[in-house]
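# Architecture at a glance
If you want the building blocks of each chain, they are given just below.
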Amino acid sequence: MVAAYTTFANSGTRVTPYFVRTIRDMNGNVLEENGPERRPVLDPQTAFIMNYVLQGVTRSGTAYKARVLNIPQGGKTGTTDDYTDAWFIGFTPTLTVGVWVGHDQKKRLGYEETGAKAALPVYIEFMQNCLKKYPETGRFPEPSGLVWCEIDKYTGKLAAPGCLYVIREPFLPGTEPREMCSEEEHRLIQTYY
């Protein structure tokens, strides 16, 4: 999971994880050495849009409490049926962290022990300690060619004058909305929300 999410932070490049960096004999001679394998698996524009969506999870979604870290980050909470597993995968421009909370056997963690409640606090504490030694100074690189539009949050259409819920979103070229939201839709949204 961590390797998969790293792809979004790495502009579409997957880094294969490894456990052992080197094996040396008793004289210090290197017998075996491993390093990261990198290969592009996603278009950089697609990876950036996924990254942007997952940043929303830490800005205003289920992992909003991670905002306390005050760094560029994205992530995803997860909870299995019956609250038997809780997880959070979080990433910054330089680090991806996976947290799983569960039992060896399928057993409930407790009432509403979700990814946000059980796993996210572990991520936050780990990152607070990590950032003391390795401050996050980078930003997520934005590839060229994306189309940014102001859209109505609820209709997904281009924001018209008078829209109350305007957000700015990136799109792959040719996938951006072309229709503007209407006054009638504004009234329905205001009535519903």
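Use the structure listed above.
A short tour of the structure in this document, coming up.

Here is what the cut-offs are and how they apply
Residues numbered from 1 in each chain as written. Predicted model: local features only at pLDDT ≥ 70, side-chain atom pairs only at ≥ 80, totals over all residues. Heavy atoms only, no water. Helix = DSSP H or I, 4+ residues; strand = E, 2+ residues; numbered from the N terminus. Rg over C-alpha atoms; globule rule 2.2 N^0.38 Å. Pairing = 2+ DSSP bridges. Axes fitted to C-alpha atoms, helices over the stretch in contact; angles between N-to-C directions. Contact = heavy atoms within 4.5 Å.

Once that is clear, we can look at the overall build of the protein chain. If you tally the helices and strands in the protein chain, you get four helices and nine strands. Along its sequence from the N terminus, the protein chain presents helices and strands in the succession α-β-β-β-β-α-β-β-β-α-β-β-α. A compact globule built from 193 residues would reach a C-alpha radius of gyration of about 16 Å, whereas the protein chain, at 21 Å, exceeds it by more than 25%. For the protein chain, the spread of C-alpha atoms along the three principal axes comes to 75 × 45 × 30 Å.

Let us now look at the sheet that holds strand S5 (residues 74-79). Read across the open sheet, the three strands follow the order S5-S6-S7; overall the sheet is antiparallel. Only two strands of the sheet have a single neighbouring strand rather than two, namely S5 and strand S7 (96-102). When the angles between neighbouring strand axes are averaged without regard to direction, this sheet yields 5°. As judged from the six bridges shared by S5 and strand S6 (residues 85-91), these two strands associate in the antiparallel manner. Its bridge partner lying in S6, Gly78 is registered against Trp87. Each of S5, S6 and S7 touches helix H1 (residues 2-9); the most contacted strand, S6, lies at about 30° to it. Here helix H3 (residues 115-133) sits on the sheet in contact with S5, S6 and S7, set at roughly 40° to S6.

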